[in-house]
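# Structural description and commentary
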Amino acid sequence: MQLLRSLAIAAGLAAWTIPTASAGPVVCRTSIEAPLDGSPLVEVSRCAPVTTTSELMEQRFFSYTAPYARGVSVINQITDVLGIAMGGREGNRVMGLGFPDQTIVWDGSAVENTYQVLLDQQSNPLPWRTADVSNGFCQGLPQGGCGLSSTPIEPAVTPVRGLW
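Residues numbered from 1 in each chain as written. Predicted model: local features only at pLDDT ≥ 70, side-chain atom pairs only at ≥ 80, totals over all residues. Heavy atoms only, no water.

Within the protein chain one finds five helices and four strands. By residue count, 15% of the 164 residues in the protein chain fall in the buried class. In the protein chain, of all internal contacts separated by at least 6 residues, the share reaching a separation of at least 24 is 29%. Accessible surface, the protein chain as shown: approximately 14100 Å² in total, 62% of it carbon and sulfur. (Helix = DSSP H or I, 4+ residues; strand = E, 2+ residues; numbered from the N terminus. Buried < 20%, exposed > 50% of the residue type's maximum accessible area, 1.4 Å probe, protein only. Contact = heavy atoms within 4.5 Å. Areas by Shrake-Rupley, 256 points an atom, 1.4 Å probe, with all protein chains shown as cover.)

Following this line, the structure appears as structure tokens:
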């Protein structure tokens, strides 16, 4: 790539730019869906790039406010005085009407909401139910744990009559 740019500059094509592309992991999900017009089922695939947690949090942190180095440009200073929020990693996206103190609140809300979603995705909202396991310390470890009584305990549950 650098060699091509050097050749372009040497040939007098300083304005010539080589388009860049980035590649990364992509996750595709395929589902079978029914169209609204009643035609047969179709298979629909949706693909999206994989975003790591750190990348996602950085995007949310700079949603409404540009990083400091980008935010001190002349354009950003003018938009700050006029109350126009310029956000994004490069500080070049108009995000709405809001002075810098308000955009900090918006960024904080975006980070908080993303944090809550990440926590919800890490833990299942329904707890796992398992049978009780003996702890092994009732009689000591060599005996193999707590002994069970010889008579089974009947549950004290009465049947519930239906409401119908």
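As a further point, take helix 5 (residues 100-122). Its 23 residues give helix 5 an end-to-end C-alpha distance of 33 Å, which sits within 8% of 33 Å, the value for a rise of 1.5 Å per residue. Of the positions making up helix 5, those classed as buried are Thr 103, Asp 107, Ala 110, Thr 114 and Leu 118. (Expected span 1.5 Å × (residues − 1).)

What follows deals with the packing of aromatic side chains. Tallied over the entire structure, the rule returns two aromatic pairs. Note on Phe 61 and Phe 62: the rings are 5.0 Å apart at their centroids and 80 degrees apart in plane angle, and the pair reads as edge-to-face. Summarising the aromatic geometry, the rings of Tyr 64 and Trp 106 are spaced 5.3 Å apart at their centres and angled 65 degrees between planes, so their arrangement reads as edge-to-face. Linking Tyr 64 in the loop between helix 2 (53-61) and helix 3 (68-71) with Trp 106 in helix 5, this pair joins segments that are 42 residues apart in sequence. Residue Tyr 64 is classed as partly exposed on the basis of its relative accessible area of 26%. For Trp 106, a relative accessible area of 23% gives the class partly exposed. (Phe/Tyr/Trp six-rings, centres within 6.5 Å; stacked < 30°, edge-to-face > 60°.)

The next thing to look at is the side chain of Thr 103. Inspection of the secondary structure assignment puts Thr 103 in helix 5. In contact with Thr 103, other than residues within four places in its own chain, are Tyr 64, Thr 65, Ala 85 and Gly 98.

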